[in-house]
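The primary structure of each chain is shown beneath.
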Amino acid sequence: MSLPTSPPKWAKESATTFHIALSFIVFLFLDFLETFLCLLFRFLDHYFEGKPSRCYCENTRELEDVEVSETLCGRRNVFREMGFLQFARKREEHCCSKKVGGHVTHRWSDCGCECCVSWMKIGDQKLHVVVKEPSQSSIEDTRGNPTENVIFLHGFLGSSSIWTETVFKNHSNHVKDNYKLFAADLLGFGRSPKPRDSLYTLRDHLEMIEKSVITPFDLKSFHLVAHSMGCIIALAVSAKYAKFVKSVTLVAPPVLPCSEDGASFTVLNRLAKRRLWPPLLFGSSVMSWYEHLGRCICFLFCRNHRMWESILKLLTRKRDLPFLVMDLTKHTHHSAWHSMHNVICGGAKYNDDYLKILVANGVNVCVIQGDKDEVVPVGCSIYIKKKVADAQVKIIPNADHNTVIFGREKEFTLSLEEIWAPSADTNSVEE
């Protein structure tokens, strides 16, 4: 019986060439579609809100905030560079000369249901935080050991449910009795505020975590656990509160090796390269490179999420849909678009400095990632190990970007408890 042979070299080269050529054609069409949608949304925004929308289609638009990513304006588009938007800019000047009447509480293309806009009724805007108190009545047990605090941060297009529906349900009795857990919906996601005037920079996310978790609960020491995009925010928080942080656990962290100059574009081209395959990469590239196409997709799905949820419930015959499905629509295009660019891409130039601060302060850094992760390269974990020699790195076999947690909730939770245990034991000795 003959052994199976691998495809010949010429076949692989032909397939690669075909993929590159097809990608070029598809993304050329998407460039044209993006230009058309820019004109369409300017017209619709003027019609519904009295003024055309501001977008990042003009490379000449000034970015005053240093924390705003260069990728917002620096994305290349063949048709835009050919001057196809000159007419639209002239029309915008004419439209802006008119008075704008009335106050729009939310964008016409965003959902205005009670669930999506309930945060607007609250005076002092804070993040939605799920708090799980220790089961003991006092914050100190009979031995005088203080309660441990853990802050959980979710990833892009997620919510606190990623933790409350998995980790929170699988803790040991020791953690239930002695740990206080905080799972926050990040700014612009889940049930947290989604302000239109925010640019969702790394600083904006950090300040909201301070305002909603660290300050009101007077946390003097805590652990951090974060997934995907939340890892960048966790690094910012831990660097600022290095004296308070006991450990930082980064799950599938998008921390790429890149110089400060051009760091944002390095991340964009690595995590959202304009290719058709694999499908996750194609989806990331469409939502990251095309502002108006992404807004159109959000208009179809996020604005009409109640309709899609009803259809899915009817098809699956289930009263409650999986929380991962529900989380996909709990944002606005404005919040998702800016968080993607200003946190994941724009935050890249700060990562090395954050890691240096953690090393200098002896913070315990742990990294967990699946070896089948198609969203974040496994090289990100290896890079963190190079920067933080004492970091614990666990590469999980046959796990991808999400299944590193889902499907192995008990094992994952046990790993977290093992990470937290040394610092708790140290506190006991010091007491």
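Quick notes on the rules
Residues numbered from 1 in each chain as written. Predicted model: local features only at pLDDT ≥ 70, side-chain atom pairs only at ≥ 80, totals over all residues. Heavy atoms only, no water. Disulfide = S-S within 2.5 Å. Buried < 20%, exposed > 50% of the residue type's maximum accessible area, 1.4 Å probe, protein only. Pairing = 2+ DSSP bridges. Helix = DSSP H or I, 4+ residues; strand = E, 2+ residues; numbered from the N terminus. Axes fitted to C-alpha atoms, helices over the stretch in contact; angles between N-to-C directions. Contact = heavy atoms within 4.5 Å. pLDDT = per-residue confidence, 0-100. Phe/Tyr/Trp six-rings, centres within 6.5 Å; stacked < 30°, edge-to-face > 60°. Lys NZ or Arg CZ within 6 Å of the ring centre and 35° of its normal.

Draft legend 1. The arrangement of the state of the cysteines in detail. Applying the stated criterion across every chain, the model contains zero disulfides. Not part of a disulfide, C38 finds its nearest cysteine sulfur in C57, a span of 3.6 Å. When its relative accessible area of 0% is taken as the criterion, C38 is described as buried. This cysteine, C231, is not joined by any disulfide, and C380 carries the nearest cysteine sulfur, 9.8 Å off. Its relative accessible area of 0% is what places C231 among the buried residues.

Draft legend 2. Local environment of the sheet that holds strand β5 (residues 245-251). Across the sheet, which stays open at both edges, the seven strands sit in the order β1-β3-β2-β4-β5-β6-β7 with mixed pairing between neighbours. Among the strands making up the open sheet, the edge pair consists of β1 (129-132) and β7 (392-396). Sheet twist, expressed as the average angle between the axes of neighbouring strands with direction ignored, equals 15°. Direction of pairing for strand β2 (residues 148-153) relative to strand β3 (residues 179-184): parallel, over a ladder of six bridges. From the neighbouring strand, E148 faces β3, where its bridge partner is Y179. In the packing of helix α8 (residues 202-214) onto the sheet, contacts are made with β1, β2, β3 and β4 (222-227), and the angle to β2 comes to roughly 140°. Set on the sheet, helix α9 (residues 229-240) makes contact with β2, β4 and β5; between it and β4 the angle comes to about 155°.

Draft legend 3. Focus on the confidence of the model for the protein chain. With 86% of its residues at a pLDDT of at least 70, the protein chain reaches an overall mean of 86. The low-confidence segment residues 137-142 (pLDDT under 50) makes eight contacts with residues lying over four places distant or belonging to another chain. Within the model, pLDDT remains below 50 along residues 426-431, and this stretch shows six contacts once partners closer than five positions in the same chain are excluded.

Draft legend 4. Region of the structure containing unusual backbone geometry. A cis amide bond, omega 0°, links W277 with the succeeding residue P278. The topology assignment puts P278 in the loop between α10 (263-271) and α11 (279-289). Despite not being glycine, Y200 shows a phi value in the positive range, around 55°. Note on placement: Y200 falls in the loop between β3 and α8.

Draft legend 5. The packing of aromatic side chains, seen in detail. Scanning all chains against the criterion turns up 18 aromatic pairs. In this structure an aromatic cluster arises from ring pairing among F152, W163, F168, Y179, F412 and W420. The ring of W289 is capped by R274, whose NZ or CZ atom sits 5.0 Å from the centre of that ring.

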